[in-house]
Amino acid sequence: TGKTLMDGISARLKEARIAAQVIGEPPLFDVIFTDGDVRDYRGTMRNNADAQRRVNQSLLASGILKGDSKYYISLSHTEADVAKTLDAWSVAIRALKDAKAA
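Remember, it's a predicted structure, so these values are computed and weren't measured experimentally. (Residues numbered from 1 in each chain as written. Predicted model: local features only at pLDDT ≥ 70, side-chain atom pairs only at ≥ 80, totals over all residues. Heavy atoms only, no water.)

K.L.:
Describe helix H4 (residues 79-101), and please don't skip the residues or the numbers.
P.N.:
For H4, with 23 residues, the first-to-last C-alpha span of 33 Å sits near the 33 Å given by 1.5 Å per residue. Listed in full, the buried residues belonging to H4 are Val-82, Thr-85, Leu-86, Ala-88, Trp-89, Ala-92, Ile-93 and Leu-96. In this structure, the buried residues of H4 make contact with helix H1 (2-15), strand E2 (28-32), helix H3 (49-61) and strand E3 (71-72). (Helix = DSSP H or I, 4+ residues; strand = E, 2+ residues; numbered from the N terminus. Expected span 1.5 Å × (residues − 1). Buried < 20%, exposed > 50% of the residue type's maximum accessible area, 1.4 Å probe, protein only. Contact = heavy atoms within 4.5 Å.)

K.L.:
So, H3: which residues are in play, and what are the values?
P.N.:
A rise of 1.5 Å per residue sets the reference length of H3, with its 13 residues, at 18 Å; its end C-alpha atoms lie 18 Å apart and thus fit the reference within 8%. Of the positions making up H3, those classed as buried are Ala-51, Gln-52, Val-55, Asn-56, Ser-58 and Leu-59. Viewed along the axis of H3, the buried residues span an arc of 165°, placing them on a single side of the element. Along H3, exposed side chains directed more than 90 degrees from the buried face belong to Ala-49, Leu-60 and Ala-61. Residues of H3 that are buried in the fold lie against E2, E3 and H4. The backbone nitrogen of Asp-50 has a side-chain oxygen 3.1 Å away, supplied by the residue at the start of H3, namely Asn-48. Gly-63 occupies a position one or two residues after H3 and carries a positive phi of about 90°. (Arc of directions from axis to C-beta. Polar contact = N/O pair within 3.5 Å; in protein donor to acceptor, adjacent residues only side chain to side chain.)

K.L.:
I'd like a description of the sheet that holds E3, backed by residues and values.
P.N.:
Strands in a sheet are paired, the pairing made by backbone hydrogen bonds, and the direction either parallel or antiparallel. Taken in spatial order, the three strands make up an open sheet running E1-E2-E3, and their pairing is antiparallel. Strand pairing shows two members of the sheet lacking a second neighbour, strand E1 (21-25) and E3, which therefore form its edges. Two strands pair when backbone bridges link them, and E1 and E2 are joined in this way by five bridges, in the antiparallel orientation. Pairing of Ile-23 across the sheet is with Asp-30, part of E2. (Pairing = 2+ DSSP bridges.)

K.L.:
Can you explain the packing of H1 against H4? Please cite residues and give values.
P.N.:
Viewed as axis vectors pointing N to C, H1 and H4 meet at an angle of 20°, and their least axial separation amounts to 10 Å. Judged on the interaxial angle alone, H4 and H1 are roughly parallel. You can see that H1 and H4 cross each other, and the crossing is right-handed. Facing Thr-4, Leu-5, Gly-8, Ile-9, Arg-12 and Leu-13 of H1, the residues of H4 in contact are Val-82, Thr-85, Leu-86, Trp-89, Ser-90 and Ile-93. Of the residues contributing to the contact of H1 with H4, the split by class is seven nonpolar, four polar and one charged. (Axes fitted to C-alpha atoms, helices over the stretch in contact; angles between N-to-C directions. Parallel < 35°, antiparallel > 145°, perpendicular 65-115°, else oblique. Left-handed = near helix turned anticlockwise from the far one by under 90°. Nonpolar A, V, L, I, M, F, W, Y, C, P; charged D, E, K, R; others polar.)

Take a look at the structure:
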């Protein structure tokens, strides 16, 4: 489940040409909005906090609760949950691109 989410989010970000990395392991991962490698804590500090905030707000508006950092995946998440989350990411990415264009 986590791998499917990580791959789906990563693909959407890459397609939208948004500088971000999906880091971590499938049960516990996060998205860091930065170009360049994120290999350690200092790398995570280059995260674009405004982009993170905008995405998190958009996800919440779509019914996806994500804390300020990290996704915690459990066995109770279904394929429908994954699909809803990826759809919400598509909406959030469009909103982020619109905000950048404005």
